[in-house]
Amino acid sequence: MSLSIKNTSFNKNKATTSTAANNTGSLFTINSGNSILENLTVSNNITEDYLFSLSSKFVSLTDSNISYNNSNKGIFFDTKVHNQNKYFDRDDSSFELSNLIVWDNVVNNDNSTLTIQGYETVISSKNIFYGNTVNNGYGGALSVSATGGASVAGSAYTKFSDTGSSFEGNSAEYGGALYFSGTSATLTNTSISGNTAKYGAGIYFESEAQFSNLYLNLENVSLTDNKGSDGALYLYLDNDGNYSVDLNVNISANNKDIVWQGNCDEKGEGSDIVIRFK
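Residues numbered from 1 in each chain as written. Predicted model: local features only at pLDDT ≥ 70, side-chain atom pairs only at ≥ 80, totals over all residues. Heavy atoms only, no water.

A.B. asks: Would you mind going over the overall build of the protein chain in detail, with residue names and values included?
C.D. replies: Secondary structure assignment for the protein chain yields 0 helices and 30 strands. Counting across all 278 residues of the protein chain, residues that qualify as buried make up 53%. Taking the intrachain contacts of the protein chain between residues at least 6 apart in sequence as the baseline, contacts between residues at least 24 apart amount to 81%. Carbon and sulfur atoms make up 43% of the accessible area of the protein chain, which amounts to about 11800 Å² in all. (Helix = DSSP H or I, 4+ residues; strand = E, 2+ residues; numbered from the N terminus. Buried < 20%, exposed > 50% of the residue type's maximum accessible area, 1.4 Å probe, protein only. Contact = heavy atoms within 4.5 Å. Areas by Shrake-Rupley, 256 points an atom, 1.4 Å probe, with all protein chains shown as cover.)

Below you can see the structure in the form of structure tokens.
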């Protein structure tokens, strides 16, 4: 089955959870093999569960504005069929997100503004994530993980790439802007500025024991003025893995009263990069 939602607005709705009425507490919850979401406006909605969620093998989310929403779990995409104990085939599954403006959303539970999990490939380009707040969660702007899809091992981690996106002023507990788990990531010409988190104010990168040879490549990436006591970049690695971290990073600050080249907590304490082993 294929799904296409284009040129559509979801504004000022309130979705509550009700078992009796079969309400999911989300704007919509859909299972679809192929999904195209294009030129959506999603703003000023309040939901008790996800803002919206979708299970699909192939997803394209482009040219959309998502702003001023308040939800418990944010936006959620995965390869698991909702309410069923089965999955779309993970092999060759892909997710594309481009030309999005995602700003001033609030997530009240331990998810992310946008969670993508279980896909083989995630390709991001020219997105703006600004001022999103995730209370006690993972990824103030975006969370990408290999878990959630069919049971896989070895090399079946998620491969993420971003080109030319901006992540500014977002906050969470883990990964003020970006959270990666079981995911190899390449960021190119990406700006990560003014984000806040306890662990990884800009980026939180976590390995998983079942995935070997993960990598994190940062090419012409700007990490500036991110606030957190445990690094602008936080690497949480499994002892048994083989990891490649290639950092070609521009770390700078424009404000004279900020130390650690701008990446620190409000007391001027912290560091640009923190590496810990499980």
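Let's pick the thread back up.
A.B. asks: Go over unusual backbone geometry, please, and point to the residues and values.
C.D. replies: Positive phi, close to 55 degrees, is recorded for Asn-99, a residue that is not glycine. By the secondary structure assignment, Asn-99 is in the loop between strand S13 (94-98) and strand S14 (101-103). By relative accessible area, which is 37% here, Asn-99 ends up partly exposed.

A.B. asks: Provide a residue-level description of the sheet that holds strand S19 (residues 133-134), including the pertinent values.
C.D. replies: Overall, parallel pairing links the 5 strands, which are arranged S2-S7-S11-S15-S19 in an open sheet. A strand with exactly one partner marks an edge of an open sheet, and here the two such strands are strand S2 (14-15) and S19. Here S2 pairs with strand S7 (residues 46-47) via 2 bridges, running parallel. If you follow Lys-14 over to S7, its bridge partner there is Ile-46. (Pairing = 2+ DSSP bridges.)

A.B. asks: Tell me what's going on with the side chain of Asn-195, and back it up with residues and numbers.
C.D. replies: Topologically, Asn-195 is positioned in the loop between strand S25 (191-193) and strand S26 (203-206). A polar side-chain atom of Asn-195 sits 3.1 Å from the main-chain carbonyl oxygen of Phe-167. Once residues within four sequence positions are removed from consideration, Asn-195 is found in contact with Phe-167, Glu-168, Gly-169, Asn-170, Gly-176, Ala-177, Ala-201, Asp-225, Asn-226 and Lys-227. (Polar contact = N/O pair within 3.5 Å; in protein donor to acceptor, adjacent residues only side chain to side chain.)

A.B. asks: Talk me through the sheet that holds strand S5 (residues 29-31); I want residue IDs and the actual numbers.
C.D. replies: If you walk across this open sheet you meet the 9 strands as S5-S8-S12-S16-S20-S23-S26-S28-S30, and the pairing is parallel. The two strands at the open ends of the sheet, each matched to only one other strand, are S5 and strand S30 (273-277). Strand-to-strand twist across the sheet, computed as the mean angle between neighbouring axes with direction ignored, equals 10 degrees. As judged from the 4 bridges shared by strand S8 (residues 52-55) and strand S12 (residues 75-78), these two strands associate in the parallel manner. (Axes fitted to C-alpha atoms, helices over the stretch in contact; angles between N-to-C directions.)

A.B. asks: Quick rundown of a nonpolar patch on the surface? Include the residues and the values.
C.D. replies: A cluster of nonpolar residues, Ile-101, Ile-128 and Tyr-130, forms a patch on the protein surface that exposes about 250 Å² of accessible area. Residue position: Ile-101 is located in strand S14. (Patch = residues over 30% accessible without salt bridge, like charges linked within 9 Å, V, L, I, M, F, W, Y side chains within 5 Å. Salt bridge = Lys/Arg side-chain N within 4 Å of Asp/Glu carboxyl O.)

A.B. asks: So what about the packing of aromatic side chains? Which residues, and what values?
C.D. replies: Inspection of the entire model under this criterion finds 17 aromatic pairs. Relative to Tyr-236, the ring of Tyr-234 has its centre 6.3 Å away and its plane inclined at 55 degrees; by these criteria the two rings are tilted. Residue classification places Tyr-236 among the partly exposed positions, given a relative accessible area of 26%. Pairwise contacts between aromatic rings join Tyr-138, Tyr-174, Tyr-179, Tyr-199, Tyr-204, Tyr-234 and Tyr-236 into one cluster. Looking at Lys-73, its charged tip hangs above the ring of Tyr-50, at a distance of 5.2 Å from the centre. (Phe/Tyr/Trp six-rings, centres within 6.5 Å; stacked < 30°, edge-to-face > 60°. Lys NZ or Arg CZ within 6 Å of the ring centre and 35° of its normal.)

Read these as geometric descriptors, not functional statements.
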